[in-house]
Structure formats: structure tokens, C-alpha cells
Amino acid sequence: MKRRSRAARAVRAFQKILVANRGEIAVRVCRTLRAMKIPSVAVYSEADRGAPHVRAADEAVAIGPAPPAQSYLDMDAILGAARRAGADGIHPGYGFLSENAAFARRCSEAGVVFIGPSADSMAQLGDKAAARRTAAECRVPLVPGAEDVAGADRARKEAARIGYPVLLKAAGGGGGRGMRLVRDPEEMDAAFDAARREAGAAFGDDRLLLERYVHPARHVEVQILADGEDAIALGERECSLQRRHQKLIEESPSVAIGAKTRSAMQDAAASLARAAGYAGAMTAEFLLGPEERFYFLEVNTRLQVEHPVTEMRSGVDLVRAQIAVAAGESAADSLGAQAPPRVTGHAIEARLLAEDAYHGYLPQTGRILRLDWPEGEGLRIDAGVEAGMTITSHYDSLLAKVIAFGESRESARRRLVEALRATVLLGVVTNQAFLIDLLEGEDFRTGETFTHTVESRAWEGPLEAPDLALAAATAILDRPRTAAGDEEERDRYSPWQRLGPWGRA
Amino acid sequence: MSRRLGLRFQGKPVEARYERRGTRVRIERAHRTIEAEVRRDGEDVEVILEGEGNRCALAAGPKGIWVAHRGRTTFLEYETSEGSRRGTGQDEIRAPMTGRVVQVAASAGQSVREGDLLVTIEAMKMEFKLAAPEEGRVAEVRCAEGDRVELGDLLVLLEPAS
């Protein structure tokens, strides 16, 4: 799927690129750097010593203790690592410092290219309040709301004007962090405090804004690649299946929009990029209400988690394009031979998370005992974990993304379900079965997917241990064990005793 | 001779005994008996149940056994394992996950109603609120803001209203 013909000048522009991230995205960025023959530098916290992303890079620099504030969010540590390694570019991935304008500014002061937009266009589009102003100037439709709400009392006044229910959102970053639904004035105080604390912890910026809650709504976003003047739209992604405002399943195209809406949405997204003189990869997110009416939601001034969906349909390597644009190429050139590229077929991504979807989506930790990924045509796995690795509570719960492509939505869906069934991850509870439930469910099959779909019903796993699991477990239980119930005479001559590595670690 | 399975599922003991002869396994559960053929095959195990063959992935962890079949994974905890027990006693509020305490709303001696916030824990950048399961009084608070807590740690002791 990857294009091979690239202008050589972009490849030569960077001597070495530091990847200021961890997990699957750091592994994925390193893969492109390797393909481009640009030496890569990983950074890692004490908890990530020996993690897959460390080995995916050509060299690695330790940047501090496990808590993100002292490592992956520590600008001094990361810039110091870039200086020591001699990197002249930094790819921030998503999350962490990827949407931090101060970091982008500090990179350029240090003479290192931040592979992303300029600090100015980041401030103009990444800050939600500023982005709304830009959207208004571009005549992109907006959900009624209020900017920079100073306190819970002020929020209540604005909410009364806009009409409940309302959403409180972080002004300084995306991903659902610092977001709260408020149904009535009584809920405001607690929601405001929680949103502010979460926003402050996630982005180092605790300003909040307020919006009317559009319902029922879908989440549809447009991928843009821009070079400061030109902006090219690479199709949309629908990401309506979410829990706690975090995406679970993403697909392209959206089944909910026709050619006219698609084109209007792409024009709106491109106009935002042009208005901000944006250079790099960007995503404009929209709420799609009834009758294909869409409203501007926010701009993500970085690579998205779900970018492979677009890559699978377009054949574009978005990381390569980001690097080419950062090296001064035009957006059209960065896409290679044909721009805009032909976007075909259907792609669906599922996020494999360390969380118990059947019990309140509680985060799960533990050591991965066994991990097998499926392989097959039209299948892509972006993973940041491996067998033997310990999943800690310091970082987010995304373990891997499983992405399937097909000529039709149904063939992509079947492929993805089959891939999830063939995946084996033992040792940590994941949402694997839940993802299968979602993809096999009536709502997804018929395309009736809304942002409230996942949370509007209770999802249950098996209420008792399945017979099959108990029968399989007896294969291990036969090993000699002590202090396990009423131990009786051992089956000394059973072949089970002599076989296998089933020791308790 | 059958023996107890000695496993827990979702925090509750699995009431079952099992007996194996060669590859034949017979499991007596509370309301039914299961007959299966169980054969090891490399890292996997082949289980023939009701005439159907099922390939399961299997691994033994420090706290229990993991079995996966067609994308669905079951964790069967050893009964002898401590620690990862979920908050079972109604008066014990335990950490539902490993993480950090970001807010302690409860104080010792305080009266609480059902649903009142006691403690907020953050893990993987998300917040989780632990609320009082019933009306009562806070007997003891065993955590403080900023504490790192492990799954199953006791955070708050409640005395139910009499």
C-alpha cells in the first residue's frame, strides 16, 4: 500500500528524528523513519526500559521516571535528549506534547524542527476557543456555546442561555479528557471541578468551554494534509462508537453522509487549515446531527490515533507526508505521484484497550503472558506491546490497533471480526470480546452508530465461567500444586505432568 | 476420584469438581455435568465439547489461569491467590484498579448516603469515582490524596446505618 516514489530532497532534509512518544504510535513512526532511511531516536521512561518502541528506534535515550510529567511531558528532558542524540527533528506522535504550542516554540528556539504545525497555527486551531472563532470566520457551522468559562457559576449562567444538556470541554486539548456532560444546574459544580482537574492534569491548561449537546449525533472527521497554503482533504472517518468520549471503532467512509455533505465537510475542513496557514497533518472533527447537518467540533493539530483508516483507503503514509511537509515540500508533492490520491474501499479500525468493558471500563494492568497477532490480506496491526511486557497504570490503556480493509464495508467488518477472534492476548484483561460484540451487533451492521450508542446499554460478559474455559483449564490444574483445595493423589504417570511449560511464574 | 477445581471467576468461587482419565475430563458443576476431551497441542489445548472441537489458548499466570477461545478470554483465579479480590464486603471500599488517589472526599466519622462520593482514583489518565454503596458512616479512611494504590487495596471502611 505504500508509495515508493518520493522526492529525494525531503528525505535528505532530516539527519535524525527523535520520536517524543511511546507505545504503538512511537513504533509506527519509527517504521516510516526506517523506510525513509532517516535514523530514529526513541525516548523512554524508567517504566518503558526495554519496551517495543525503544527497540523500534535506532537509538534510545532515557528521559526520567515513569510519571509522564517527569518524562514524556518534560520538555527539558526531551529537548535535552534531542540535543544529545543530535536530532534535528522531533515527531511528537499524538497525546503528550503533540498539541503543546509552547513545546513547538521551544523546539524552534532550540533549532530542532517540530514535525507538526507552527506554534501560531497550533494556537489558532488547537485551542478550542480560538478554533471556534476561526471556524466562525470561515462560516463553518458551530454548535451554540460559550468560551473560556471562568467558574461553575458562570458556566451555569451560560448553560441557562444555551439550554441543557451541555458539555464542558477542555480548551487546551482533545481526546475526551476534561470533558463532562451536565444535564442540569445541580450537576455543574462537581462536573466543573472534575473537568478542570482532568484538563489540567492532561494538558497543563485547565481552561474550560461550554457547548450545547447535539443529540443523536455521529462523530465524523476529515483528514487534511496542508503545507501553509494548499490544503488537501483525504476523506472522512466516522468515529461514533465511543465510551467516556474515547473512540473505540473508527471507519471510513461514513455510511451517514452523501457526496454533497462529504464535499461540504471537506471544504469546511480545508478552509480552516488555509485560514490558519496550517502546515502538516490535521483533522477537523464535526458533529453530524440529524438530516446530515454538521457542526464544527474541534481541530486536532496532530496525527490522530485512527489515521491508519485513512492510510488503508488512500495508500498514503501520513507520517511520511508529515515529515515531507516539515522538510518544506508542498502538500501535493508530499503525497507522491497523484494528489489528491484516489480513496477507495472501506477500512475499519478497532482499539484494543487494557480495560474491562463489562465492568465499567475499568483500566487493567498486568503482565502479558502470551500474545499472538493474526496475519492476513487487508489486515494491519499497529501494536506497542509484546509478550512479557507489563502494562502499568501510568499511561493510557491503548495496547494496539487492529485495522481491516475491504472492498465493501461488510468485507472489512468480517475481516476485522475474524482478526480479533484470532488475536490471543493473555495476562491482562482487554476489551477484545467487547470489540467483537460491537462489530457483530445489529447497530454496527446496519450503520446505526451514534456517539451515545455504546453507553446507552449495559454490556455484559458471561455471568458464569464458560464450560469450555473450565475444561481447558483442567489441562493446567493437573500439574502438581500445593495448597489448592483438597489435593489428592497425583496422577504421576499422566503425560500431562511431563509436558509443557505451564509453570506458575 | 474427583477433586475441587479451586478456581474463582469474577471474584466468586466456581462450584465444581473435576475428574480426568487420560484425555477424558468430567466436570460436575452446580446444575450440570460436562464431559469433554482435553488434549494439549503445543501452547494451545484442543477441547472437544458436545462433539465440537475448540482450540483454546492457555497460559498460567501468577494469580490464575487464562483461557482464550475465538477472541474471548476467561481469567480463572486460583482460590489460593490473594490480593486481586474485588471489594466484596459492603463495608470495605477497595481500589477497583491500580492507580493514584486524586481526591479523598470522605472523612472519618462522616455520615454518607448511598451514592455519595468517597474517593476519586486516576489511572491511565481517566478518573474513576468510588461512591458509598449504601447509607452509613465512614469508620476509617485508609488513603490520602496522591497515594499510589494497587488493585484490591482497602481505601475506606464504612459502617452501615443500623
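Draft legend 1. Layout of the environment of Arg 70 of chain B. Relative to the helices and strands, Arg 70 of chain B is located in the loop between strand S9 (64-69) and strand S10 (72-78). Judged by its relative accessible area of 39%, Arg 70 of chain B is partly exposed. Measuring from C-alpha to C-alpha, the distance between Arg 70 of chain B and Arg 55 of chain B comes to 8.3 Å, with 15 residues separating the pair along the chain. In terms of polar contacts, Arg 70 of chain B uses its side chain to reach the side chain of Glu 418 of chain A, at 2.9 Å.

Draft legend 2. Examining the pattern of salt bridges more closely. This model, assessed by the stated rule, comprises 67 salt bridges over all chains. Residue Arg 237 of chain A pairs with Glu 221 of chain A through a salt bridge whose shortest N-O separation is 2.7 Å. With Arg 237 of chain A in strand S11 (residues 231-243) and Glu 221 of chain A in strand S10 (residues 218-227), this pair connects stretches of sequence that are 16 residues apart. Note on Arg 237 of chain A: relative accessible area 0%, which makes it buried. One salt bridge connects Arg 55 of chain B with Glu 46 of chain B, and the closest N-O pair in it is separated by 3.9 Å. Counted as one network, the salt bridges with shared partners bring together Glu 221, Arg 237, Lys 247, Glu 250, Glu 285, Glu 306 and Arg 351 of chain A.

Draft legend 3. Just the nonpolar core, in detail. One finds Leu 18, Ile 90, Phe 103, Ile 249, Ile 323 and Phe 434 of chain A to be the most contacted residues of the largest nonpolar core, which totals 98 residues. With 7 residues, the single largest contributor to this core is helix H4 (residues 75-85) of chain A. Setting aside its immediate chain neighbours within four residues, Ile 90 of chain A contacts Leu 18, Ala 20, Ile 78, Leu 79, Ala 82, Phe 103, Cys 107, Val 112, Val 113, Phe 114 and Ile 115 of chain A. Counting 31 residues, the second-largest nonpolar core is a separate cluster that includes Ala 473 and Leu 477 of chain A together with Phe 9 and Ile 27 of chain B.

Draft legend 4. Representation of the sheet that holds S11 of chain A within the structure. Residues and elements named next belong to chain A. An order of S14-S13-S10-S11-S12-S15-S22-S20 is seen for the 8 strands of this open sheet, with the pairing classed as antiparallel. Strands at the two margins of the open sheet, each flanked by one partner only, are strand S14 (294-300) and strand S20 (379-383). Neighbour-to-neighbour, the strand axes of the sheet open up by a mean angle of 25 degrees, direction not taken into account. Pairing between S10 and strand S13 (residues 279-288): 10 bridges, direction antiparallel.

Draft legend 5. Quick look at helix H2 (residues 23-35) of chain A. All names here are of chain A. For H2, which comprises 13 residues, the first-to-last C-alpha distance of 19 Å matches the rise-based estimate of 18 Å (1.5 Å per residue) to within 8%. Of all 13 residues in H2, 10 are buried, a share of seventy percent or more. Listing the buried residues of H2 in full gives Gly 23, Glu 24, Ile 25, Ala 26, Val 27, Arg 28, Val 29, Cys 30, Thr 32 and Leu 33. Positive backbone phi, approximately 60 degrees, marks Lys 37, located one or two places after H2.

Draft legend 6. The environment of Phe 203 of chain A, seen in detail. Residues and elements named next belong to chain A. Take Phe 203: it is sitting in helix H9 (residues 188-203). Residue Phe 203 is classed as partly exposed on the basis of its relative accessible area, which comes to 23%. Dropping the residues within four chain positions of it, Phe 203 is found in contact with Ala 170, Gly 172, Gly 173, Gly 174 and Arg 177.

Draft legend 7. Fine view of the sheet that holds strand S5 (residues 24-29) of chain B. All names here are of chain B. Here we have 10 strands laid out as an open sheet, ordered S1-S4-S5-S6-S7-S8-S9-S10-S2-S3, and antiparallel in their pairing. A strand with exactly one partner marks an edge of an open sheet, and here the two such strands are strand S1 (3-4) and strand S3 (12-13). Sheet analysis places strand S2 (residues 7-9) next to S10, joined by 2 bridges and oriented antiparallel. By the bridge assignment, Leu 7 is partnered in S10 with Tyr 78.

Draft legend 8. Fine view of the pairing of strand S12 (residues 99-104) of chain B. The sheet contact formed by S12 of chain B and strand S17 (residues 148-149) of chain B spans 2 bridges and is antiparallel. Its bridge partner lying in S17 of chain B, Arg 100 of chain B is registered against Arg 148 of chain B.

Draft legend 9. Quick peek at the side chain of Glu 127 of chain B. Looking at where Glu 127 of chain B falls in the secondary structure, it is placed in strand S15 (residues 126-131). According to the relative accessible area criterion, Glu 127 of chain B is buried, its value standing at 7%. A distance of 3.1 Å separates a polar atom in the side chain of Glu 127 of chain B from a polar atom in the side chain of Arg 197 of chain A. The residues touching Glu 127 of chain B, leaving out its near neighbours within four places in the chain, are Arg 180, Ala 194, Arg 197, Glu 198 and Arg 244 of chain A together with Val 102, Thr 120, Ile 121 and Glu 122 of chain B.

Draft legend 10. How the structure looks around unusual backbone geometry. Residue and element names in this part refer to chain A. Residue Pro 165 is bonded to the preceding Tyr 164 through a cis peptide linkage, with omega at -5 degrees. Here Pro 165 lies in the loop between helix H8 (152-162) and strand S7 (166-170). In this model, Ser 252 is joined to Pro 253 through a cis peptide bond whose omega is -5 degrees. Mapped onto the elements of the fold, Pro 253 is located in the loop between strand S12 (246-252) and helix H10 (259-275). For Arg 139, which is not glycine, the phi torsion reads 60 degrees and is therefore positive. Considering the arrangement of structural elements, one finds Arg 139 in the loop between helix H7 (128-137) and strand S6 (145-149). Positioned with a positive phi, Asp 148 is a non-glycine residue whose angle comes to about 40 degrees. By the element assignment, Asp 148 lies in strand S6. With a relative accessible area of 42%, Asp 148 lands in the partly exposed category.

Draft legend 11. Layout of the interface of chain A and chain B. Each side of the interface is counted separately: chain A has 77 residues, and chain B has 65 residues. Summed over both sides, the interface between chain A and chain B buries roughly 6200 Å², with carbon and sulfur atoms accounting for 59% of that surface. One can count 10 salt bridges joining chain A with chain B. Counting only elements with at least two residues in the side of chain A that touches chain B, the list comes to H9, strand S17 (362-363), helix H14 (409-422), strand S23 (424-426), helix H15 (432-440) and helix H17 (467-477) of chain A. A breakdown of the residues in the side of chain A that touches chain B according to their chemical character gives 39 nonpolar, 17 polar and 21 charged.

Conventions used here
Residues numbered from 1 in each chain as written. Chains lettered and ligands numbered in written order. Predicted model: local features only at pLDDT ≥ 70, side-chain atom pairs only at ≥ 80, totals over all residues. Heavy atoms only, no water. Helix = DSSP H or I, 4+ residues; strand = E, 2+ residues; numbered from the N terminus. Buried < 20%, exposed > 50% of the residue type's maximum accessible area, 1.4 Å probe, protein only. Polar contact = N/O pair within 3.5 Å; in protein donor to acceptor, adjacent residues only side chain to side chain. Salt bridge = Lys/Arg side-chain N within 4 Å of Asp/Glu carboxyl O. Core = buried A, V, L, I, M, F, W, Y, C linked by side-chain atoms within 4.5 Å. Contact = heavy atoms within 4.5 Å. Pairing = 2+ DSSP bridges. Axes fitted to C-alpha atoms, helices over the stretch in contact; angles between N-to-C directions. Expected span 1.5 Å × (residues − 1). Buried area = accessible area lost by both parts, 1.4 Å probe. Nonpolar A, V, L, I, M, F, W, Y, C, P; charged D, E, K, R; others polar.

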